[in-house]
Amino acid sequence: MLRVLGPLSRSKSNCYLLVSWALAVAILALPRPPKSSAANFAWQILYAPFYQAGEKIRGLYGVQRENQELRKELTALAVENNILEEERLENQRLRQLLEFKNILDFEVIPAEVIARDPNFRVTSALISAGTRLGVQRDLPVIDVHGLVGKVTEAFPDYSSVQMLFDPGFKVSGLVQRSRVAGIVAWKGGQLLELEYIPSAADVQVGDDIVTSGLSRIYPTGLKIGRVTRVSRDPQSLFKRVEISPFADLYKVEELFVIKTYTQ
Amino acid sequence: MNFALFKEIAYSKMLTFLVLYLVVIVYETLLADVFSLGPARLDLGLLLLIYVTLNQGTKAGIIFGFGLGLLLDLMTPLWLGLDSLIKSTLSYLVGFFKESLFVESIFSKLLLVFLAVLINDFLRFCFTQGFDFGKIGTILWPTTLLSAVYTSGVAGLVMFLTKTSKPKLQTT
C-alpha cells in the first residue's frame with residue numbers, strides 16, 4: 001500500500017501536476033476571442049509552414065499522378081490515332097481502287113496481299129483471292145499503278161503471285177511512244193530491263209513501257225514501268241534499257257487479278 | 001548547488017523537447033494521414049510523451065505533456081488547454097505506473113501505451129461531447145480501440161528493433 005501511495009506522496013510531481021492543471025484550466029477558461037486569435041497566431045507560426053509544404057508536396061504528387069494518367073491517355077489516343085490514320089489511308093486506297101476498277105475494260109477480281117516474300121527482293125506474294133472467286137493459273141495481276149505479276153498457283157481461298165522481280169518472270173513489253181517491242185525481265189535490285197532492243201531503236205529516258213499484247217497471258221497496254229536509263233554497248237547489237245516499275249512491289253497491298261479481257 | 005550543471009541539464013532537456021515538438025508538428029501536418037490505417041491513427045505525440053516520462057521522469061513528462069497538449073490544441077482552438085490538461089495528467093499516471101509497478105518488460109510497456117491511448121481519447125471525448133456516455137460505444141470505441149492497438153503495435157515494433165540493434169555485452 002505504501003509502495004502504491006509512495007509516488008503520490010512525492011510532492012514535486014504533484015506540484016507540477018497541479019500547476020499544469022491550473023494553467024490548463026486557466027487557458028480553457030479564457031474567453032473565446034482572445035483564445036482563438038492567440039491560437040490562430042501560434043498556428044500560423046508553427047503549423048502553417050509545414051501545411052503549406054505538405055500542400056505543395058501533395059500538389060506535386062497530384063501532378064505526377066495526373067501526368068501518368070495523361071501519358072496513359074496520350075498513348076491510348078496515339079494508338080487510336082494510328083488506327084484512324086490506317087483506316088483513312090485504307091479508305092483512300094479503296095476509293096482509288098474503286099475508281100480504277102470502274103475505268104478498267106477488264107473483268108477483275110479484287111484481292112489483298114496476305115503474305116509477302118520475306119526476302120529483300122520481293123519475288124512472290126500470296127493474295128486473298130482463290131479459285132472460289134475465279135482465280136486461275138497465269139492470270140495477270142495489277143494494281144492501280146501497273147503490272148505486278150501473274151498468278152502461278154491458285155488454291156480455293158488464296159493464290160500465289162509471281163512478281164516482276166522474280167528472275168523467271170518475263171513479259172513482252174512495248175515502248176508506248178515509239179512502239180518498239182522487247183522482253184521485260186528483272187535486271188537486279190529494284191529495276192527491270194527491256195531486252196532485245198536494237199541499237200538503232202527509238203527509246204528514250206522517260207518513255208513508258210506497256211505490255212505489248214503479244215502474249216496469251218497479258219492484255220495490251222498494261223503499264224509496266226518507265227525508262228530510267230538507256231545505254232549502248234559497242235560490243236552488242238542491242239541497247240540496254242533500264243526500267244523502273246510503276247507498281248511499288250514493296251508496298252503493294254490491294255491488287256486486281258484480271259479475269260477476262262478482250263484484245 | 002552547481003547551477004551551471006543544473007542549467008546545462010535544463011537546456012539539454014528543453015532542446016530535446018523542442019526537437020520532439022518539431023517531430024510532432026511535422027508528423028501531424030505531413031505524415032499523420034500517410035501512417036493512418038483506415039480509422040486507426042498512430043498517436044505519435046502520446047508515444048513520445050510516454051517515452052519522455054519513462055526515460056526522463058514524471059516531472060519532465062508533465063512539462064513535456066503540457067507543452068505537447070498545448071501544441072496539439074492549436075488545431076482545435078476552441079478547446080485550447082484541454083489537451084494540456086489530459087497530457088500532463090497522462091504523464092503523471094505513466095510516471096505513477098512506472099514507479100509503482102516497475103514497468104520493465106516490453107509487454108507492460110505495450111499495455112501502458114494501449115491504456116494511455118484509450119484514456120487520452122476517452123478523456124478528450126468526455127470533455128468535448130459533454131460527458132455523453134451514450135455515444136461512447138458508437139463513436140469512440142471503434143476508432144480508439146483500433147488506434148490503441150495500432151499505436152501499441154508500432155511501439156512494440158520500435159522497442160523490438162531498438163532492442164535487437166543494441167550491441168550485446170560480452171560476458172566472460
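Small disclaimer: the values here were computed from a predicted structure and weren't measured.

### Quick notes on the overall build of chain B
Looking only at helices and strands, chain B features six helices and zero strands. Secondary structure elements of chain B, listed N to C terminal, follow the sequence α-α-α-α-α-α. The proportion of buried residues among the 172 residues of chain B is 35%.

### Details of the overall build of chain A
The helix and strand inventory of chain A stands at four helices and 12 strands. Relative to its 263 residues, chain A shows a buried fraction of 25%. Within chain A, counting contacts between residues at least 6 apart in sequence, those at least 24 apart form 56% of the total.

### Some words on the sheet that holds strand S7 (residues 181-188) of chain A
Residues and elements named next belong to chain A. In spatial order, the strands read S6-S7-S8-S11-S10-S9; together these six strands close into a barrel with antiparallel pairing. Recorded for the sheet is a direction-independent mean angle of 45° between the axes of neighbouring strands. Sheet topology places strand S10 (residues 223-232) next to strand S11 (residues 238-245); seven bridges connect them, and they run antiparallel. Across the sheet, the residue bridging to Gly-225 is Pro-245, located in S11.

### Quick notes on the packing of helix H2 (residues 44-56) of chain B against helix H3 (residues 58-73) of chain B
All names here are of chain B. Two elements in contact, H2 and H3, have axes separated by 7 Å at closest approach and are oriented at 160°. In terms of orientation, H2 lies roughly antiparallel with respect to H3. Between H2 and H3 lies a crossing of right-handed hand. Here Gly-45, Leu-49, Val-52, Thr-53 and Gln-56 of H2 lie close against H3, whose contacting residues are Thr-58, Ala-60, Gly-61, Phe-64, Gly-65, Leu-68 and Leu-72.

### Looking at the nonpolar core
Val-148, Ile-209, Ile-224, Leu-255 and Val-257 of chain A are the most contacted members of the largest nonpolar core, which has 45 residues in total. Those residues within four positions of Ile-224 of chain A in sequence are excluded, and the remaining contacts are Gly-146, Leu-147, Val-171, Gly-173, Val-184, Ile-209, Val-210, Thr-211, Ile-243, Pro-245 and Phe-246 of chain A. Counting residues in each nonpolar core, the second largest holds 35 residues, with Leu-49, Ile-62, Leu-72 and Leu-74 of chain B among its members.

### Looking at the interface of chain B and chain A
Listed as interface residues are 22 residues of chain B and, on the opposing side, 27 residues of chain A. Broken down by secondary-structure element, the contributors of at least two residues to the side of chain B that touches chain A are helix H1 (3-35), H3 and helix H4 (82-101) of chain B. Looking at which element gives the most residues to the side of chain B that touches chain A, the answer is H4 of chain B, with nine residues. Of the residues contributing to the side of chain B that touches chain A, the split by class is 13 nonpolar, seven polar and two charged.

### Digging into the sheet that holds strand S3 (residues 140-142) of chain A
Residue and element names in this part refer to chain A. Pairing is antiparallel in the closed barrel, where six strands are placed in the order S1-S2-S5-S4-S3-S12. If you compare each strand with its neighbour and ignore which way they point, the axes differ by 45° on average. Of the pairings in the sheet, the one linking strand S2 (residues 124-127) to strand S5 (residues 159-163) comprises four bridges and is antiparallel in character. By the bridge assignment for S5, Ala-125 is matched with Val-161.

### What to know about unusual backbone geometry
Residue and element names in this part refer to chain A. A positive phi is found at Asp-138, a non-glycine position, where the angle reads about 70°. As for its position among the elements, Asp-138 is in the loop between S2 and S3. Residue classification places Asp-138 among the partly exposed residues on the basis of 13 C-beta atoms within 10 Å. The phi dihedral of Tyr-196 is positive, around 60°, even though this residue is not glycine. Given 14 C-beta atoms within a 10 Å radius, Tyr-196 is considered partly exposed.

### Some thoughts on the environment of Phe-50 of chain A
Residue placement: Phe-50 of chain A occurs in helix H4 (residues 48-103). Residue Phe-50 of chain A is classed as partly exposed on the basis of its 16 C-beta neighbours within 10 Å. Those residues in contact with Phe-50 of chain A that lie beyond four places of it in its chain are Ile-25, Val-26, Thr-29 and Leu-30 of chain B.

### Re the packing of H2 of chain B against helix H5 (residues 106-128) of chain B
All names here are of chain B. Two elements in contact, H2 and H5, have axes separated by 10 Å at closest approach and are oriented at 125°. Of the possible angle classes, the one that applies to H2 and H5 is oblique. Judged by the twist between their axes, the crossing of H2 over H5 is right-handed. Along the contact surface, H2 presents Leu-46, Leu-47 and Ile-50, while H5 presents Leu-112, Val-113, Ala-116, Val-117 and Asn-120. For the contact of H2 with H5, the residue count by class is seven nonpolar, one polar and no charged.

### Overview of the pairing of S11 of chain A
Residue and element names in this part refer to chain A. Bridging between strand S8 (residues 191-198) and S11 involves five bridges; their strand directions are antiparallel. If you follow Pro-198 over to S11, its bridge partner there is Phe-238. The turn joining S10 and S11, which pair antiparallel and follow one another in sequence, is formed by five residues.

Rules used throughout
Residues numbered from 1 in each chain as written. Chains lettered and ligands numbered in written order. Predicted model: local features only at pLDDT ≥ 70, side-chain atom pairs only at ≥ 80, totals over all residues. Helix = DSSP H or I, 4+ residues; strand = E, 2+ residues; numbered from the N terminus. Buried ≥ 20, exposed ≤ 12 C-beta atoms within 10 Å, placed from the backbone. Contact = placed C-beta atoms within 7 Å. Pairing = 2+ DSSP bridges. Axes fitted to C-alpha atoms, helices over the stretch in contact; angles between N-to-C directions. Parallel < 35°, antiparallel > 145°, perpendicular 65-115°, else oblique. Left-handed = near helix turned anticlockwise from the far one by under 90°. Core = buried A, V, L, I, M, F, W, Y, C linked by C-beta atoms within 7 Å. Nonpolar A, V, L, I, M, F, W, Y, C, P; charged D, E, K, R; others polar.

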